[in-house]
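Listed here are the chains, written in short residue letters.
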Amino acid sequence: MTVAEAFTPHTFLDAFGFIHHNASFLLQKTAEHLELSLAALAIALLLALPLGLWLGHRHRGLFLAVSVSSVGRALPSVALIAFGLTIFGVGFWNNTAALVVLAIPPILTNAYFAVDGVDADVVEAARGMGLSEWQILRRIELPLGLPLVVAGIRIAAIFVIATATIAAVAGGGGLGEIIVDQASYGLAGVIAGSLCVSALALLAALLLSLTLRALTPRQGPVS
Amino acid sequence: MFRARIHLTMAVAALVGLVASAGATAAAKPTVTIGNKNFTEEFVLGQLYKQALEAKGYKVLFKGSIGSSELIDAALTSGKINFYPEYTGVIVADIAKQKAPQTAAATYAAAKRFEETRGATLFSATPFYDTDSFGMLTSTAQKLGVKTIGDMKKVKSFTFAGFPECRTRITCLLGLKQVYGLTQAKFVPLASISVYTLLDEGKTTAADVFSTDPQLQGSKYTVLTDTKHVFGFQNVAPVVSKSLASAGGAAFAQIVDAVSAKLTLAAMRAMNKAVAIDKQSPAAVAGTFLKANHLK
Amino acid sequence: MIAAGGPVIPNFGQGSACERSNGWFCTDWLHAHWGDTLQPALVQHVWLSALAVGIGFAIAFALALVGFRHRLFDAGIGALADFLYTIPSLALFQLLVPFTGLTVTTVEIALVSYTLLVLYRNMAEGLRGVPADVLEAARGMGLTRTQTFLRVELPLALPAILAGLRIATVSTISVATVAAFVIPEGLGAPIFIALDQNLFKTEIVAAGGLAVALALFADGLLVLGQRAATPWSRA
């Protein structure tokens, strides 16, 4: 009797059985996964969001924004995680750093284009009314550019959650630990772990959509 | 046209041999689909058999780096591969889940009996054996004052790193917990990085090391004595599907056994060292060894 | 060392000082192993990626031709592509193995699935984005359906299609490194092997660097192609 079974339609049902029998274990792994993802996302937001917004406001650094986007997309996650390992050794920072590098480009680029793309006349009018640069950014450009900004954060979030799975090969723990270990958890476990990752990604996207809706002032009568 | 017909027939025969793992015609050599697990020694073993067979005119499809014993065994029984090098103790204790015998010969016999109940057979075993061992940094061993695995009982808590399948194996963590009573051991599963990385960085107290690892040659790492033989006897023997064995016949077996016979402990250690420490490729190392022994 | 009846153990030679001490960029290792490790991996990687993008493009295009005019179909395909995209690559590769074995086919099926989202959405969007009055004008000029499609809709949709192709290509090159988890092909293979060998830095830097370079190169090539094909739009 071997641990790894061949795939039968029943395997998919077994996955739900796996979830049922290992609920607390899966929850623990999901928490680890979330912890890693949130840490990386938070750091990326801290580094990239203010920078992107500011550059977009000043209409400077188009080249930087575009290059970061191109280069960022081109970075293979496995290579980054391997680089992280060789630089930081095994621990918390090797995977977090790799994920931060992956998360920065969409946040930075979208923030830049969101603010940069706001109608110049509106901004001029505001400036004419005597608003400070900071006020313009906060009250005019940011609200108008919010959908694009949040879209960038959403892309980054989904990307980070998906890539955190691969971090398991470098000791990152999380749901990836189950997915890379078919020998211990069987295909049912792999499916179960995968479903949890998908659920997490969808949840993050949903949360961000709701946040966007909450932050966008409603105009006109509510139907 | 006639020649094209012959080529086409041979190609179809090879294809049938591959797809159905059934015997090809008596005259044609069967296609061998070799798999190996995902660590240095297995890379070398896979290359050794692959190149030796190719030198004698066999077509070899190579599925390197499949993963743990459990996965590669499933690959064999489902026909995806028909040949892979395995450790006899692992077959008996972890795949067959039988009680581990007390001698290397008995382990081999039990493994062979088991494989024959599932459409496969075992070719001759190698002289060398590679057992899992309880390894740690020498400095750690001195600090804890331990010499045998049993000594670890006095350590309040410790981490033990290894391949994921180690967790559920009686020849690994399970054995440590059940036979030695080391219930305080906390398991650290590895996916792709080596145990030595974790040991060096102090991320684990002890780890599942392989007795033929070249890293164990120096004095940096220490292996604790396995007084209760939990880790078993681990000679290597190629697991071959019955259809391949019968299709290949005596000639095929002879080639494989000739390679196995040359794999002594010293030879294996030297080859592992060339790959792991001196960073040569498994293929090149295997090729050099085979040439030196006139097997290629 | 020759024992009676025992094997001849050849002298495999010692690794250089750089190799033995795990240096970041051992030129002698790179020189020795470019031909047997790095170059084959690079070639395999190019082949894996190009094949996946090519097949994905064909499938997405066929689907977009139907989807951009039929709302229900579009929603269905869009949802399917979305779902495929959220499956972690590590999991998808493993789940396909029981069906298609430890072969390039398995990897290709997964890689193609991941390209579908970007390619389909961009193509459908691009085709849908052609203004209605332009189509009217074309019809007014007497162009047939096919002529309108080839001479008006397709060129106008081209920027979106090429943008999607660019993203799909670069991300395929990236995901293809994960393929080494199931079959030892592509630039991911030397990376995984190096991770197992106590983090052999030179190999990681070389293979990882090649993967990054390949992606940037492909991206640059496609940007140039974009500019050449649609000179009226800035990439």
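The structure presented is a predicted model; accordingly, all values stated were derived computationally and were not measured.

**Comments concerning the interface of chain C and chain A**
Reasoning step 1: Contact with chain C, which involves 28 residues of that partner, is made by 32 residues of chain A.
Reasoning step 2: Looking at which element gives the most residues to the side of chain C that touches chain A, the answer is helix α9 (residues 201-229) of chain C, with eight residues.
Reasoning step 3: Residues of the side of chain C that touches chain A, tallied by class, amount to 19 nonpolar, seven polar and two charged.

**Re the domain arrangement of chain B**
Residues and elements named next belong to chain B.
Reasoning step 1: Per the domain assignment, the segments of chain B are domain 1 (2-128 + 236-292) and domain 2 (132-224).
Reasoning step 2: Relative placement of domain 1 and domain 2: their C-alpha centres are 29 Å apart.
Reasoning step 3: Contacts between domain 1 and domain 2 engage 15 residues on the former and nine residues on the latter.
Reasoning step 4: Breaking the side of domain 1 that touches domain 2 down by element, the ones donating at least two residues are α3 (69-77), α4 (88-95) and α10 (265-276).
Reasoning step 5: Broken down by element, the side of domain 1 that touches domain 2 gets its largest block of residues, five residues, from α10.
Reasoning step 6: Among the residues forming the side of domain 1 that touches domain 2, the class breakdown is six nonpolar, four polar and five charged.

**Considerations on the pairing of strand β5 (residues 132-137) of chain B**
Two faces, one strand: in a regular strand the side chains alternate between the faces of the sheet.
All names here are of chain B.
Reasoning step 1: Taken across its six residues, β5 has five buried, putting it largely inside the fold.
Reasoning step 2: Sheet topology note: the β5/strand β8 (residues 206-210) ladder contains four bridges and is antiparallel. Opposite Asp132, over in β8, you have Phe210 as the bridge partner.
Reasoning step 3: Across four bridges, the pairing between β5 and strand β9 (residues 221-224) is antiparallel. Each residue of the ladder has a partner; that of Met136, found in β9, is Thr222.

So, how was this worked out
- Residues numbered from 1 in each chain as written.
- Chains lettered and ligands numbered in written order.
- Predicted model: local features only at pLDDT ≥ 70, side-chain atom pairs only at ≥ 80, totals over all residues.
- Contact = placed C-beta atoms within 7 Å.
- Helix = DSSP H or I, 4+ residues; strand = E, 2+ residues; numbered from the N terminus.
- Nonpolar A, V, L, I, M, F, W, Y, C, P; charged D, E, K, R; others polar.
- Domains from an automatic or database assignment.
- Buried ≥ 20, exposed ≤ 12 C-beta atoms within 10 Å, placed from the backbone.
- Pairing = 2+ DSSP bridges.

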